[in-house]
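These are the residues of each chain, in order.
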Amino acid sequence: MTAEKRPTELQYNPNLPLSQALLLPRIVIENTRPLIDGGQFAVKAVAGQVVQVSSKVFADGHDKLAVRIRWRAEADSIWRSEIMEDLGNNGWEGQFSVPSQGRYLYCIEAWIDQFASFCYDLQKKHQASIAVSLELQEGRNHVLHAAERSEGPLREQLLALHHELATLLEAEQVALFLHERSARLMAEADYRPYLSLSPEYPLDVERERAQFASWYELFPRSITDDPARHGTFDDVHSRLAMIHDMGFDVLYFPPIHPIGRSFRKGRNNALTAGPDEPGSPYAIGSEEGGHEAIHPQLGSREDFHRLVAAAAEHGLEIALDFAIQCSQDHPWLKQHPGWFNWRPDGSIKYAENPPKKYQDIVNVDFYAIEAIPSLWLELRDVVVGWVEEGVKIFRVDNPHTKPLPFWQWLIADVRARYPEVIFLAEAFTTPAMMARLGKVGYSQSYTYFTWRNTKSELATYFTELNQSPWRECYRPNFFVNTPDINPFFLHDSGRPGFLIRAALATMGSGLWGMYSGFELCEAAPIPGREEYLDSEKYEIRPRDFSAPGNIIAEIAQLNRIRRQNPALHTHLGLQVYNAWNDNILYFGKRTADLSNFILVAVSLDPVNAQEAHFELPLWELGLPDDAQTQGEDLMTGHRWTWYGKTQFMRIEPWQQPFGIWRISVA
């Protein structure tokens, strides 16, 4: 039986009729990876990436199979293909490269390779000194039939091969049948008996910054030398060079929209604000406008355009906060009251998360009768409007509190027009929801990293992010702090504690971020809480960015190391290694060809010196346990030779609480 087109899957039927059984594929293709939920969602990749594909492919009997990956850009009609390698035990592996961003499709195709099966049996019999004259005749018939179904030069070449075989002695015929040229010609003429195709699986290819970027967050209003003077977009120009020199490439602003006055929050989240207090930028909307508008004290739209252009000249891309919430002064409340929830007494229902109080903001109702589809379209238009102003990156506030169907639609709609747009999910919630946000389209996400402190916690989390399904759907952005989160670890750990967290974030993931003030080791908390005292969310906070004790130089070097070493451009490929001390986390990251191999050792103790014997992963380099290797300290430039697998380290946090080494074959 031969079929170029046949169903690859039929719905389960316990009483399978013969008519359906005859249509089922003879070749099984299963356990294909990478794959998310059976192909319901697109696997993530970045432009220029080599996509590794594996599958289990097998059939009855002992015939040899030909297995290929087929792939194409969704907008193209022509499929490309790459040969998959037989790994044994029904395992097959292959790869293909995705050159540019956009949506792609890939699938697996397999068929019985009759000529390869013939050659395999011929070689075995010939080596066992079994007569093969009849097999040689069968082989010549294979070649002749292939010529008969071919045209043009291929037909002529196959006829020439058939003629040549007929003139050779038995051993010479065997050698010619087994020659690479014969295999190539026969593969080109193969009619692919019992061809089977897997379903087509989606692949979402984004630009590199979706996977590798360093984020710096600041409040533009705080770029001032006087807490009584509101900072502006023009003031931010003075910070661009320093932010660039620290190695950042994304400059992220909290909401820049007009701030409501009704129920405005005061200093330290007070329920009432003084007449000159700026309020929280997350209370979006006033008589000056809503999500499409700019807070007047920040500057004009032209000022914003100049800032976007100036940032680009410094290698920085502006990211904006997309927070779907409104102050009680937002124009939408009057223009579209049906988009909100109202209480029986006529008052509006404000946001609640006991014991926290959010009287200054109210939430929209995505499924209110009057909100479908007008609210969804309005929010989409807000995003598109800012994209057209030059913003291609959005950090989305609390996306897990909004409907997943909304995000799946909005992200797909925006990226269909502007495939370069990147969405970061600020989602500190359950693992299933965080993964699902990645599946429906979010490019990257905040993580649990902020609360992983011990060696066991960090090793487990780093390893989990490298495993399915996380590796296919979720890109972690390791923010070391945020305006909302002042981690307990930083409260009393001093400068070494900030360096520890910076090293873990920069080396652990291709994506990391920090909120302004981290470089100054700011950590004054509200007692007993992971929140900043005198939070910048409610006041203007000038800073002296050259203050003594800062870690600006170390951050700049960490970012420089990241840029210069391809192994650090992703969270994938991380492997935890043995260091016999529970206070030292020791791991490595390497490129697929092992040309770039980075080892990282971080003391998790910000106070005391820590020592440990540790293992160099010589086995991954194909070296014996007594081999010599070259080491280089990427923070200092010092070089040395390691002898053997077991080595010793001592880390003194008052000097530098981590080591970053590049290992190479001596």
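Please read these numbers as outputs of a predicted model, since none were measured by experiment.

*Asks:* Would you mind showing me how to read the overall build of the chain here?
*Replies:* Of the regular secondary structure elements, the chain holds 17 helices and 28 strands. In terms of principal-axis extent, the alpha carbons of the chain reach across some 100 × 65 × 50 Å. Across the 666 residues of the chain, 53% fall into the buried class. Looking at the chain alone, contacts between residues at least 24 apart form 74% of all its contacts between residues at least 6 apart.

*Asks:* Is there a simple way to explain the UniProt feature "active site" (unreviewed entry) in the chain in this structure?
*Replies:* Mapped onto the present numbering, the UniProt feature "active site" (unreviewed entry) falls at Asp397 and Glu426. The greatest C-alpha distance among the annotated residues, which extend across 30 residues, is 5.4 Å, indicating that they converge on a single site. Note on placement: Asp397 falls in strand E16 (residues 393-397). The residues contacting Asp397, other than those within four sequence positions of it, are Tyr282, Asp321, Phe322, Ala323, Gln325, Lys402 and Glu426. Polar contacts involving the side chain of Asp397 include one to the side chain of Arg395, which spans 2.9 Å. Among the secondary structure elements, Glu426 is positioned in strand E17 (residues 422-426). On the basis of relative accessibility, which here comes to 6%, the residue Glu426 falls in the buried class. In this structure Glu426 touches Arg395, Val396, Asp397, Asn398, Pro399, His400, Tyr446 and Asp484, once residues within four positions along its chain are discounted.

*Asks:* What's the story with unusual backbone geometry in this structure? I'm lost.
*Replies:* The general pattern is negative phi for most residues beyond glycine and trans for most peptide bonds. For the bond from Ile372 to Pro373, the omega torsion is 0 degrees, close enough to zero to count as cis. Looking at the secondary structure, you find Pro373 in the loop between strand E15 (356-362) and helix H10 (374-387). In this model, Ser468 is joined to Pro469 through a cis peptide bond whose omega is 5 degrees. Looking at where Pro469 falls in the secondary structure, it is placed in the loop between helix H13 (455-465) and helix H14 (470-473).

*Asks:* Which parts of the structure should I look at to understand the sheet that holds strand E21 (residues 574-576)?
*Replies:* Strands pair in a sheet through their backbones, by hydrogen bonds, and they do so in one of two ways: parallel or antiparallel. The strand order E21-E22-E23-E28-E25-E26 describes an open sheet built from six strands, whose pairing is antiparallel. The open sheet has two free edges, formed respectively by E21 and strand E26 (639-643), since each of these has just one partner strand. The average undirected angle you get between the axes of adjacent strands in this sheet is 30 degrees. Note: strand E22 (residues 584-590) against strand E23 (residues 597-603), seven bridges, orientation antiparallel. Among the inter-strand pairings, Tyr586 is bridged to a residue of E23, identified as Ala601.

*Asks:* What should I look at first to understand the UniProt feature "site: Transition state stabilizer" (unreviewed entry) in the chain in this one?
*Replies:* The UniProt record annotates "site: Transition state stabilizer" (unreviewed entry) at Asp484. Within the secondary structure, Asp484 sits in the loop between strand E19 (477-479) and helix H15 (488-491). The class of Asp484 is partly exposed, set by a relative accessible area of 31%. Setting aside residues up to four positions removed in sequence, Asp484 forms contacts with Glu426, Glu530, Glu531 and Lys537.

*Asks:* Looking at this structure, I do not really get the environment of Leu65. What am I missing?
*Replies:* With respect to the element layout, Leu65 can be found in strand E4 (residues 65-73). Judged by its relative accessible area of 15%, Leu65 falls in the buried class. Linking Leu65 and Asp113, residues 48 residues apart in sequence, is a C-alpha distance of 5.1 Å. Other than its neighbours up to four places away in sequence, Leu65 contacts Ile27, Val57, Phe58, Ala59, Trp92, Trp111, Ile112 and Asp113.

*Asks:* What exactly am I supposed to notice about helix H8 (residues 301-313) here?
*Replies:* Owing to its 3.6 residues per turn, the α-helix aligns residues three or four sequence positions apart on the same side. For H8, built from 13 residues, the straight-helix expectation of 18 Å at 1.5 Å per residue is met to within 8% by its first-to-last C-alpha distance of 19 Å. Residues of H8 that are buried include every one of Asp303, Phe304, Leu307, Val308, Ala310 and Ala311, and no others. With its buried residues spanning 170 degrees around the axis, H8 presents them on a single face. Along H8, exposed side chains directed more than 90 degrees from the buried face belong to Ala312 and Glu313. Residues of H8 that are buried in the fold lie against helix H7 (233-245), strand E12 (250-253), strand E13 (317-322) and H10. Measuring from the side-chain oxygen of the N-cap residue of H8 to the backbone nitrogen of Glu302 gives 3.4 Å; that N-cap residue is Ser300. Positive phi appears at Gly315, one or two residues downstream of H8, with a value of about 75 degrees.

*Asks:* Can you walk me through helix H4 (residues 152-166) in this structure?
*Replies:* Across its 15 residues, H4 extends 22 Å between first and last C-alpha, which sits within 8% of the 21 Å expected from 1.5 Å per residue. Residues of H4 that are buried include every one of Leu154, Leu158, Leu161 and Leu165, and no others. Projected down its long axis, H4 carries its buried residues within an arc of 55 degrees, all on one side. The exposed residues of H4 that point more than 90 degrees off its buried face are Pro153, Glu156, His163 and Ala166. Looking at the buried residues of H4, the elements they touch are helix H3 (133-148), helix H5 (170-177) and helix H6 (180-189).

Definitions and limits used
- Residues numbered from 1 in each chain as written.
- Predicted model: local features only at pLDDT ≥ 70, side-chain atom pairs only at ≥ 80, totals over all residues.
- Heavy atoms only, no water.
- Helix = DSSP H or I, 4+ residues; strand = E, 2+ residues; numbered from the N terminus.
- Buried < 20%, exposed > 50% of the residue type's maximum accessible area, 1.4 Å probe, protein only.
- Contact = heavy atoms within 4.5 Å.
- UniProt positions renumbered as here; feature names shortened; annotations may be inferred.
- Polar contact = N/O pair within 3.5 Å; in protein donor to acceptor, adjacent residues only side chain to side chain.
- Pairing = 2+ DSSP bridges.
- Axes fitted to C-alpha atoms, helices over the stretch in contact; angles between N-to-C directions.
- Expected span 1.5 Å × (residues − 1).
- Arc of directions from axis to C-beta.

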